[in-house]
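Architecture and fold: a report
Spelled out from the first residue to the last, the chains are:
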Amino acid sequence: MKRLTILILFFAAGAIVPSQAQNSSFFVGGGGGSNLSMYAFTSDYADRWTSSKPKPGLNGGVVFGMEFNRMAVVMGVNFIQKGSKAETDNYRIEGDYVGYVKGRENTSFIQIPMLFRFRILGGKFGLTASAGPSFNIGLSGNSRLELEVAGVGSESRSGTIKFGSGINDTYKRFQPGFMLGPGMVMAVGEKGKLNFNLMWDLGFNAVNKRSSSAAGIDGKISNISTILNVTYTHHFVFGDKY
């Protein structure tokens with residue numbers, strides 16, 4: 001009886017493994033969408049910039065990974081526009097003049113997500129939940145400051161945002177973060193899938209410590225983005241002959 005039980009378990013395992021292989025695939029695709037980004041400030045930065053508003057941007061790129069039944073590892077290389085809008089409180093400038101400053105930053109990144117995804121439901125339609133780290137590489141950026149003075153008018157100034165570790169660089173070039181969010185997936189044909197994703201990208205401190213310490217400023221600035229995108233992926237099922 002013991003030998004019979006072992007044989008039954010052995011053949012059952014042999015039947016399960018091919019079944020799992022049939023539901024496993026390598027996939028590749030691409031897509032894009034839009035996002036809203038803003039900064040979260042602490043310490044001296046929060047004392048100066050008392051309010052922050054989201055700035056719209058675009059995102060797009062390639063996606064690839066491995067899928068194992070309901071689970072998947074999803075990676076990609078994306079171009080994403082980030083930044084923020086911010087304002088100070090009213091403050092006295094000179095004598096009896098009162099004004100405030102409005103700031104706007106536009107930044108561009110290469111974003112590399114590494115996400116673990118779990119699919120709920122099955123068949124041709126499913127819900128997904130994803131989470132994992134993201135690695136953001138700063139490319140370029142620009143800023144615009146506008147001073148509004150009561151009874152006088154406004155004055156604006158534009159500048160370039162630099163990424164790096166030098167004393168004149170505003171932000172780190174490499175900015176890790178953490179992403180999570182829900183999504184939907186739909187089967188398209190025999191090998192394709194359409195994915196609708198809503199992700200929150202929670203960046204860590206982006207400030208370059210060398211330049212902030214030289215300016216005597218303490219605090220953190222974190223990139224936070226709400227990302228909506230649609231991707232199409234083609235799946236190469238394990239066991240198929242190409």
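Here, every reference points to the structure presented above.
Anyway, here's the lowdown on the structure attached to this text.

Structural notes on the packing of aromatic side chains
Applying the stated rule across the entire model yields six aromatic pairs. With a centroid separation of 6.4 Å and an interplanar angle of 25 degrees, the aromatic rings of Phe26 and Phe236 are classed as stacked. Taken together, the positions of Phe26 in strand β1 (residues 24–41) and Phe236 in strand β11 (residues 221–237) put the pair 210 residues apart, joining distant regions of the chain. Summarising the aromatic geometry, the rings of Phe109 and Phe163 are spaced 5.4 Å apart at their centres and angled 70 degrees between planes, so their arrangement reads as edge-to-face. With a gap of 54 residues between them, Phe109 in strand β6 (residues 98–120) and Phe163 in the loop between β8 (153–160) and β9 (174–188) connect regions that are remote in the sequence. Relative accessible area serves as the criterion here: at 1%, Phe109 is assigned to the buried category. Members of the aromatic cluster, joined through ring pairs, are Tyr39, Phe41, Phe109, Phe163 and Tyr171. The ring of Phe109 carries the charged tip of Lys82 above its face, separated from the ring centre by 5.3 Å.

Things to note about unusual backbone geometry
Of note, Ser43 is a non-glycine position whose phi angle comes to about 55 degrees, a positive value. You can call Ser43 partly exposed: its relative accessible area is 40%. Of note, Asn69 is a non-glycine position whose phi angle comes to about 55 degrees, a positive value. Relative to the helices and strands, Asn69 resides in the loop between β3 (55–68) and β4 (71–87).

Some points on the nonpolar core
Ranked by internal contacts, the top residues of the largest apolar core, which has 22 residues, are Phe41, Val74, Tyr171 and Ile221. Secondary structure elements with two or more residues in this core: β1, β4, β6 and β11. The element best represented in this core is β4, accounting for four residues. Beyond its immediate stretch of four places on either side in the chain, Tyr171 contacts Tyr39, Glu105, Ile161, Lys162, Phe163, Gly164, Ala206, Val207, Asn208 and Ile221.

Quick word on the pairing of β4
With three bridges joining them, strand β2 (residues 51–53) and β4 adopt antiparallel strand pairing. Bridge assignment links Ser51 to a residue of β4, and that residue is Glu87. Judged from the ten bridges that link them, β3 and β4 form a sheet pairing that is antiparallel. Among the inter-strand pairings, Asn59 is bridged to a residue of β4, identified as Ile80. Here β3 folds back onto β4 in antiparallel fashion, the turn holding two residues, of which Asn69 has a positive phi close to 55 degrees. Inspection of the sheet shows β4 paired to β6 by 15 bridges, in the antiparallel sense. Bridge pairing in β6 links Ile80 to Phe109.

Considerations on the pattern of salt bridges
According to the stated counting rule, one finds four salt bridges in the structure shown. In this structure, Glu87 engages Lys53 in a salt bridge whose closest nitrogen and oxygen atoms are separated by 4.0 Å. In this pair, Glu87 is assigned in strand β4 and Lys53 in strand β2, connecting sequence segments 34 residues apart. Taking the relative accessible area as the measure of exposure, Lys53 reaches 44% and is therefore partly exposed. Notably, a salt bridge pairs Glu67 with Lys193, separated by 2.8 Å at the nearest N-O pair. Pair noted here: Glu67 is in strand β3 and Lys193 is in strand β10 (residues 192–205), with a separation of 126 residues, a long-range link. Exposure class is identical for Glu67 and Lys193. Each is buried. Among the charged side chains, a network of salt bridges with common partners joins Glu67, Arg117 and Lys193.

How each quantity is defined
Residues numbered from 1 in each chain as written. Predicted model: local features only at pLDDT ≥ 70, side-chain atom pairs only at ≥ 80, totals over all residues. Heavy atoms only, no water. Phe/Tyr/Trp six-rings, centres within 6.5 Å; stacked < 30°, edge-to-face > 60°. Helix = DSSP H or I, 4+ residues; strand = E, 2+ residues; numbered from the N terminus. Buried < 20%, exposed > 50% of the residue type's maximum accessible area, 1.4 Å probe, protein only. Lys NZ or Arg CZ within 6 Å of the ring centre and 35° of its normal. Core = buried A, V, L, I, M, F, W, Y, C linked by side-chain atoms within 4.5 Å. Contact = heavy atoms within 4.5 Å. Pairing = 2+ DSSP bridges. Salt bridge = Lys/Arg side-chain N within 4 Å of Asp/Glu carboxyl O.

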